Amino acid sequence: MIAQVAKETKQKMEEVIDKTKSEFNKVRTGRARPSLLEGIKAEYYGALTPLNQMAKVSAPEPRQLLIKPFDANVIEEIEKAILKSDLGLTPNNDGDVIRINIPQLTEERRKELAQVANNKAEEGKISIRNIRRESNSQLEELEKEGEISEDNYHRGLDNIQEITDEYITKIDQLLEEKTSAIIDV
């Protein structure tokens, strides 16, 4: 029973790590990365479609993204979607492809982005702690129902805390990597 609760806890916490990584990918650094445009959706024959399903996104240069639509008719829709996004990027449409030049980040903007990354990491940590709380409640329920002994209950709590500490450390490492990518010029 305790092993099952621990396994479920790890699975849920792993999902939080994946979500945190995804959120970090949306935070801009000074480099051009195709993942920067991951959350953008454009109108495509009446449906909102993710950009990577309607165009090839690449980074031919460190400060430039190149978007080559599979269907040339949607190039203006892609351009509008990028302009509407909160990324603050200006697309240049030449009829066949869209080029996006990534501007150099100022010192102040780097600090703001580092703070955004810090907030995303804190959200991840809160989610991890909430999962810990749920798991501890499950163990408490098992003990009340007599399915596990009091000793096993306390061992289970210790195990859940170890798992929690491990995943909090993973988020801290991700944050450290992201912050250094943002701050380093």
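Up top is the structure.
What exactly am I supposed to notice about the pattern of salt bridges here?
Evaluation of the coordinates by the stated rule reveals 11 salt bridges. Among the salt bridges present, the one from Arg99 reaches Asp94, with a minimum N-O distance of 3.1 Å. Its relative accessible area of 47% is what places Asp94 among the partly exposed residues. Here the residues in one salt-bridge network are Glu14, Glu166 and Lys170, joined through shared partners.

What am I meant to see in the packing of helix H1 (residues 2-26) against helix H4 (residues 107-144) here?
Angle between the axes and distance between the axes are the two parameters that describe a pair of packed helices. Their axes nearest at 10 Å, the elements H1 and H4 cross at an angle of 170°. The angle between H1 and H4 falls in the class roughly antiparallel. The crossing of H1 and H4 is right-handed. Of the residues that constitute the contact of H1 with H4, the class distribution is 11 nonpolar, six polar and six charged.

What am I meant to see in the side chain of Thr49 here?
With respect to the helices and strands, Thr49 occurs in strand E2 (residues 47-50). Owing to a relative accessible area of 11%, Thr49 belongs among the buried residues under this scheme. If sequence neighbours within four positions are ignored, Thr49 has contacts with Ile40, Lys41, Ala42, Tyr44 and Met54.

Would you explain unusual backbone geometry in this entry?
In most cases, non-glycine residues show a negative phi, while peptide bonds are predominantly trans. Within the chain, Tyr45 stands out as a residue other than glycine whose phi angle is a positive 50°. Residue placement: Tyr45 occurs in the loop between strand E1 (41-44) and E2.

Sorry if this is basic, but what is going on with the environment of Glu122 here?
Relative to the helices and strands, Glu122 resides in helix H4. Note on Glu122: relative accessible area 33%, which makes it partly exposed.

Just to check I follow, could you spell out H1 for this structure?
Along an α-helix, residues three or four apart share an orientation, since each turn contains 3.6 residues. End to end, H1 covers 37 Å across 25 residues, agreeing with the expected 36 Å (1.5 Å per residue, within 8%). The complete set of buried residues in H1 reads Ile2, Val5, Ala6, Thr9, Met13, Val16, Ile17, Thr20, Glu23 and Phe24. Its buried side turned inward, H1 meets H4 and helix H5 (150-183).

What is the right way to read the pairing of E1 from this model?
Every other side chain in a regular strand lies on the same face of the sheet, so the side chains alternate between the two faces. Bridge count for E1 against E2 is four bridges, and the pairing is antiparallel. Within E2, the residue paired with Ala42 across the bridge is Thr49. Once E1 ends, the chain turns through two residues before running back antiparallel as E2, passing Tyr45 with a positive phi of about 50°.

Explain H5 to me, please; I cannot follow it from the model alone.
If you check H5, its first and last C-alpha atoms are 49 Å apart, about what 34 residues at 1.5 Å a residue would give, namely 50 Å. Along H5, the positions that sit buried rather than exposed are Tyr153, Gly156, Ile160, Ile163, Thr164, Tyr167, Ile168, Ile171, Leu174, Leu175, Lys178 and Ile182. The inward-facing, buried residues of H5 contact H1 and H4.

What counts and how
- Residues numbered from 1 in each chain as written.
- Predicted model: local features only at pLDDT ≥ 70, side-chain atom pairs only at ≥ 80, totals over all residues.
- Heavy atoms only, no water.
- Salt bridge = Lys/Arg side-chain N within 4 Å of Asp/Glu carboxyl O.
- Buried < 20%, exposed > 50% of the residue type's maximum accessible area, 1.4 Å probe, protein only.
- Axes fitted to C-alpha atoms, helices over the stretch in contact; angles between N-to-C directions.
- Helix = DSSP H or I, 4+ residues; strand = E, 2+ residues; numbered from the N terminus.
- Parallel < 35°, antiparallel > 145°, perpendicular 65-115°, else oblique.
- Left-handed = near helix turned anticlockwise from the far one by under 90°.
- Nonpolar A, V, L, I, M, F, W, Y, C, P; charged D, E, K, R; others polar.
- Contact = heavy atoms within 4.5 Å.
- Expected span 1.5 Å × (residues − 1).
- Pairing = 2+ DSSP bridges.

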